[in-house]
Amino acid sequence: MPILHCIVHRIDKADGEQPAALTTADTPQAPSPQLDDLLAELTTRFNAKRKGWGYFREDAAGRSLAALLPAYLDSGEAEPRTEAFATLSRQAAESLRELVEQQLPTGGYLLMAHVRQGETEHLTLALLHARAGFGVDAQLAVVPAAPLNVSQPALAARIDLTQMRAGHSRQYVAFTRDRGGQALAEAFRDWLGCEEGADAPEETRTLLKAFSDYVESEALPEEAAREKTDALLDYASDQAGRGEPLTLDALSELVDDQQPRAFYDYIRNQDYGLAPEIPPDKRTLQQFKRFTGRAGGVSISFDSHLLGNSIEYDADRDRLIIKQVPDALKTQLRERHT
């Protein structure tokens with residue numbers, strides 16, 4: 001994960017009515033193994049968090065990150081770009097200081113990093129708190145220490161600069177939304193200059209519903225349905241762990257390598273309203289499971305999210321109640337009944 005530029009500024013907010021104070025670094029950090037490890041750990045933690053996804057507004061306010069970023073990206077290479085990154089980070093830190101003053105009880109360390117990974121470039125930022133503690137120095141003496149709390153950033157975001165430049169995505173900005181209230185979430189989104197473009201939990205639920213409908217429409221055997229479910233969950237969970245969207249093209253190939261376009265075409269023909277790329281939501285994926293069972297000539301298979309909705313289990317009388325009988329099965333039952 002080559003780090004092109006990385007810098008840290010400090011925002012202090014004391015108790016009472018005192019305004020938050022900003023202490024800025026003059027130049028970006030020098031490359032080091034410690035910096036590499038910090039960014040790697042922060043990336044892993046960020047990928048695991050509940051996030052919002054969106055894109056920069058064209059009319060973003062002048063002090064938002066969206067408005068400040070182009071000057072840096074247009075600054076060229078080498079030394080001018082290093083200076084431009086430092087300027088960008090200081091301007092961003094100053095506007096974030098105002099957000100901290102209004103929305104957060106304490107300040108922290110603003111880390112900003114421009115990272116290249118393969119053919120993709122990201123801008124990662126996080127407001128990290130330092131936790132008071134202790135350490136041991138080279139002489140084995142106990143000394144005060146203040147390690148950064150990388151696992152719980154107060155605010156964090158990642159901008160996929162490659163997708164942003166391509167201009168066809170509405171979800172190249174990922175930002176945390178699991179801490180604080182609605183007011184903080186909206187203030188952070190405004191600071192980014194971001195418009196929410198995708199509801200990850202809802203999009204993931206829609207994808208899983210489309211998959212369940214596809215499995216039902218194909219009347220797949222139990223084992224084949226389980227294999228396809230596992231393939232979907234493995235791919236989606238892997239993408240979620242990497243902080244990357246899943247693509248319908250790739251997913252369709254995994255679901256059926258003999259007919260790699262079948263699932264993709266099914267989604268398009270049924271008009272589920274899904275985008276070609278979907279930001280996976282880990283919590284929604286973890287709740288998705290397929291219940292299966294076979295005994296005495298009866299074979300039953302259904303997705304766990306249906307339990308309690310269209311399917312109920314009466315444990316006292318050992319009965320499974322299906323409220324919405326599939327049309328094909330309903331037709332067969334009516335024919336037999338008549």
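The present account deals with the structure reproduced in this document. (Residues numbered from 1 in each chain as written. Predicted model: local features only at pLDDT ≥ 70, side-chain atom pairs only at ≥ 80, totals over all residues. Heavy atoms only, no water.)

Structural notes on the packing of aromatic side chains
Phase 1: A complete count under the given rule lists seven aromatic pairs for this structure.
Phase 2: An angle of 10° between the planes, with centres 6.0 Å apart, marks the rings of F188 and W191 as stacked. You can see F188 and its partner W191 sitting in helix α5 (residues 182-192), three residues apart, about one turn around the helix.
Phase 3: Accessibility expressed as a relative area gives 2% for F188, which makes it buried.
Phase 4: Residue classification places W191 among the buried positions, given a relative accessible area of 6%.
Phase 5: Through successive ring pairs, a cluster of aromatic residues spans F211, Y214, F263, Y266 and Y272.
Phase 6: Its end group placed over the ring of F46, K51 keeps NZ or CZ at 5.3 Å from the ring centre.
Phase 7: Taking NZ or CZ as reference, R261 lies 4.1 Å from the ring centre of Y264, over its face. (Phe/Tyr/Trp six-rings, centres within 6.5 Å; stacked < 30°, edge-to-face > 60°. Helix = DSSP H or I, 4+ residues; strand = E, 2+ residues; numbered from the N terminus. Buried < 20%, exposed > 50% of the residue type's maximum accessible area, 1.4 Å probe, protein only. Lys NZ or Arg CZ within 6 Å of the ring centre and 35° of its normal.)

What about helix α1 (residues 33-48)?
Phase 1: With 16 residues, α1 should reach 22 Å at 1.5 Å per residue; the first-to-last C-alpha distance of 23 Å fits that figure.
Phase 2: Those residues of α1 that sit buried are L35, L38, L39, L42, T43, F46 and N47. Looking straight down α1, one finds that the buried residues subtend no more than 160° of arc, so they occupy a single side. Among the exposed residues of α1, those oriented more than 90 degrees off its buried face are P33, Q34, D37 and T44. (Expected span 1.5 Å × (residues − 1). Arc of directions from axis to C-beta.)

With respect to the packing of helix α6 (residues 200-218) against helix α9 (residues 262-270)
Phase 1: Remark: α6 packs on α9, axes separated minimally by 10 Å, with the N-to-C direction vectors making an angle of 110°. Between α6 and α9, the angle is such that the two are roughly perpendicular. Contacts between α6 and α9 involve L207, A210, F211, D213, Y214 and S217 from the former and A262, F263, Y266 and I267 from the latter.
Phase 2: Among the residues forming the contact of α6 with α9, the class breakdown is eight nonpolar, one polar and one charged. (Axes fitted to C-alpha atoms, helices over the stretch in contact; angles between N-to-C directions. Parallel < 35°, antiparallel > 145°, perpendicular 65-115°, else oblique. Contact = heavy atoms within 4.5 Å. Nonpolar A, V, L, I, M, F, W, Y, C, P; charged D, E, K, R; others polar.)

Points about α9
Phase 1: Listing the buried residues of α9 in full gives A262, F263, Y264, Y266 and I267.
Phase 2: Close packing links the buried residues of α9 with α6 and α8 (248-255).
Phase 3: Where α9 terminates, the next one or two residues include D271, which has phi positive at roughly 55°.

A closer look at the pairing of strand β3 (residues 51-56)
Phase 1: Where burial is concerned, most of β3 is hidden: six out of the six residues are buried.
Phase 2: Pairing between β3 and strand β9 (residues 173-176): four bridges, direction antiparallel. Its bridge partner lying in β9, W53 is registered against A174.
Phase 3: Bridge count between β3 and strand β10 (residues 194-198): four bridges; the pairing is antiparallel. Counterpart to W53 in the pairing with β10 is A198. (Pairing = 2+ DSSP bridges.)

Some words on the packing of α8 against α9
Geometry of a packed helix pair, given as the angle between the helix axes and the separation of the axes.
Phase 1: At their nearest, the axes of α8 and α9 sit 7 Å apart, and the two run at 125° to each other. Regarding the angle of α8 to α9, the classification is oblique. Within the contact between the two elements, α8 uses L248, D249, L251, S252 and V255 and α9 uses A262, F263, Y264, I267 and R268.
Phase 2: Looking at the contact of α8 with α9 residue by residue, the class counts come to seven nonpolar, one polar and two charged.

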